Each structure stands twice: as structure tokens, then as C-alpha cells.
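# Overview (structure and organization)
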Amino acid sequence: MRHDKLERELNLLLLLAGNRGYTLEQICDRIEIGRRNFYYYLEFFRDCGFIVEKRGKIYSIDRQSPFFTRLQERIDFTEDELLTMRRLLEASDKHDAVATNLMKKLDRFYDFNILADNVLREHVAHNVSALYKAIKFKRMVVLRNYHSPHSLTEKDRLVEPFLLMNSNNEVRCYEPKSQMNKTFKVARIGDVEVLDEEWLNEKRHRTVHTDIFMFSDEEQRTVEMTLGTLAYNMLKEEYPDSSIYINKVSERQWQLRLPVCSYIGIGRFVLGLYDDITVTGDDGFKEYLRGKIEKMKLE
């Protein structure tokens, strides 16, 4: 039915627009479509104005696509509306579960320390506007007097900005001098100077992924394992987002194919429930576990 097809199209759109990248095989498995239909849907998305990207084997849709921009304009709250809602919720009954849940959702998506400071808010808005222009026209910029808390310095940074992140509080850039992709805090930028020079290193731009354990990296690896009942229940309870990566294979066994940015989070989980888990891949993860087990052996 058409409704079923539309549901697949919407699910595919959500998958491609997420912050995790997927290969063709992973996408087809999750959406339950064939390769031919996948390419048909991609062509349909392009015709509708979506910017479809492929980096290596990873497919994604650029969230700067015109449709997302129009959608954001329709549903986003203004800063004054957000502050008003926040004050009303703060004044509500502290035992009101609905109000508490709304507060958590607002805090998750908006930085109220920035919104409540008028001077800082205007400063950030100016920087975001300049960065958006640079990204749109693929221009290089100079981040003037960027304050780095790690090196305790303030200096200019010549970069190629290509993605605004975290409700526009951060910008992902490629820095030619270090030949690295880095994430900069917009509020720490003194000023943004947009240059006439176009990007020179677009093929080196890399977005950052975040796995269910909240580890981030430019690259992801897929680990595979069979979970017993205890491990399955613990994973679902502690990490609800893991559910889309789990398939039931028998009455008491579940198959987990999970993209991770680091072996640390999933390694901690596996080692804590080692007797209820059988690891089948990848080889790097197996070697990581062997090293951890060897170090834990008592003298």
C-alpha cells in the first residue's frame, strides 16, 4: 500500500538525516528495502531538493537542505518564547511530572545560559549568522581571538566551517594548518571574518558521530554479538536507543549489530556481563577485549 511506502520513505529520511552514518547494507537492513528501491528513494529525495551525500561507503542527507531549513523556521521557538516558557515552568509545581519532563526536554535542546544573557546572545547570534553564510557559500573564515580552555590561549584560527551543531552552539570545521577536523564553541569565538576564498579541502571534511554510550569520533566501527536474556534486558534498560540495533534470533537469544565510536563503552558493558554474551565481531573489538582480560588477570 502507498501508506507502507510512505512510511519507509519517512523512516529512510530520518535515518539519513541522523548524526550516525550508515552503509548501503545497514540502511537496507534497517528499513527492509532492496538496493534498487534504495537508489530510487535517493533519486526521489534529490528531486525534492534534499542534499544527498556519500562519504566513502557512508550515506547521509545534509541537514542544511532547504526542506529542513523551512521546517526549522516553522517549528522553532523564538528566544523570547523559550525564555518565557522556561520561567513559567520554573514557577510551576515542583512535583508536576509533566512540567519536569518539559524542562528536561528544553534543557536538552537549548542552552539557556546563552539565551538568558542578552550581550552573549547577540554575540553568538552574530557569529552564527556569519558561519551560516560561510557554510552556505562554501567560504573559508577566520575565527578571531578564539579562546581555547585547553591551551589557555586566544588566537586566530583559519578554518573551513561546514556544519553547525548542538542547536548552533558549536561549529564543525576543517583546519588546514593542523590538517584536522575540529569542533569549536561558537560563544568562544571573538568574531567571525568570512573570506572570499572558497573551501580547498571539502573531501577532507568529516562530521562527528556519537554512539549510544556518548563517545564521539569521526569514524565508527560495527561490533556484533549474541546477547542472553540478562544482557539483553540490561542493555535495553540502560541504553534505550540500542533497540533499533537488536534482532531476536531465538527464545533466549538476541543479535546485536551496533555502530560505536569507541570500544570503551561497549567493552565495559561486555566485560560486566561476559558470561551472558558471545562476541562475534569485529576483530578489533575482540583484540581489545583480549587485552583488557589479560590486564585483569591476577598475579
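It should be emphasised that the depicted structure is a prediction, and the values quoted were computed from it without experimental measurement.

### Here we look at the sheet that holds strand β11 (residues 246–250)
Hydrogen bonds along the backbone pair up the strands of a sheet, which may run parallel or antiparallel. Taken together, the four strands give an open sheet; going across it, the order is β11-β12-β10-β13, and neighbouring strands pair in antiparallel fashion. With partners counted over all chains shown, the strands left at the sheet margins are β11 and β13 (277–281), one partner each. Put simply, the sheet's adjacent strands are angled 25° from each other on average, direction ignored. Across seven bridges, strand β10 (residues 221–227) lies against strand β12 (residues 253–260) in antiparallel orientation.

### Quick look at the packing of helix α2 (residues 24–31) against helix α3 (residues 35–47)
Contact pair α2 / α3: the axes reach a minimum separation of 10 Å and the direction vectors enclose 95°. Judged by the angle between their axes, α2 and α3 are roughly perpendicular. Side by side, α2 and α3 meet where Leu24, Glu25, Ile27 and Cys28 of the first sit next to Arg35, Phe38 and Tyr39 of the second. Considering only residue class, the contact of α2 with α3 consists of five nonpolar, no polar and two charged.

### Description of helix α11 (residues 283–296)
Because each turn of an α-helix spans 3.6 residues, side chains separated by three or four positions in sequence point in the same direction. The terminal C-alpha atoms of α11 lie 20 Å apart, and with 14 residues this matches the ideal 20 Å at 1.5 Å per residue to within 8%. With a side-chain oxygen lying 3.3 Å from the backbone nitrogen of glycine 284, the N-terminal cap of α11 falls on aspartate 282.

### Description of the pattern of salt bridges
Counted according to the given criterion, the structure contains 13 salt bridges. Among the salt bridges present, the one from glutamate 43 reaches arginine 46, with a minimum N-O distance of 3.8 Å. Placement of both glutamate 43 and arginine 46 in helix α3 is noted, with a separation of three residues, approximately one turn of the helix. Look at glutamate 43 and you get partly exposed, because its relative accessible area is 42%. On the basis of relative accessible area, arginine 46 is assigned to the partly exposed category, the value being 41%. The salt bridge involving arginine 257 is made with glutamate 224; its shortest N-O contact spans 3.3 Å. Placement of the pair is arginine 257 in strand β12 and glutamate 224 in strand β10, with a sequence separation of 33 residues. Look at glutamate 224 and you get partly exposed, because its relative accessible area is 26%. Via salt bridges that share partners, Arg144, Asp156 and Glu193 belong to a single interconnected network.

Each value, and the rule that gives it
- Residues numbered from 1 in each chain as written.
- Predicted model: local features only at pLDDT ≥ 70, side-chain atom pairs only at ≥ 80, totals over all residues.
- Heavy atoms only, no water.
- Pairing = 2+ DSSP bridges.
- Helix = DSSP H or I, 4+ residues; strand = E, 2+ residues; numbered from the N terminus.
- Axes fitted to C-alpha atoms, helices over the stretch in contact; angles between N-to-C directions.
- Parallel < 35°, antiparallel > 145°, perpendicular 65-115°, else oblique.
- Contact = heavy atoms within 4.5 Å.
- Nonpolar A, V, L, I, M, F, W, Y, C, P; charged D, E, K, R; others polar.
- Expected span 1.5 Å × (residues − 1).
- Polar contact = N/O pair within 3.5 Å; in protein donor to acceptor, adjacent residues only side chain to side chain.
- Salt bridge = Lys/Arg side-chain N within 4 Å of Asp/Glu carboxyl O.
- Buried < 20%, exposed > 50% of the residue type's maximum accessible area, 1.4 Å probe, protein only.

By themselves, these figures tell us nothing about what the structure is for.
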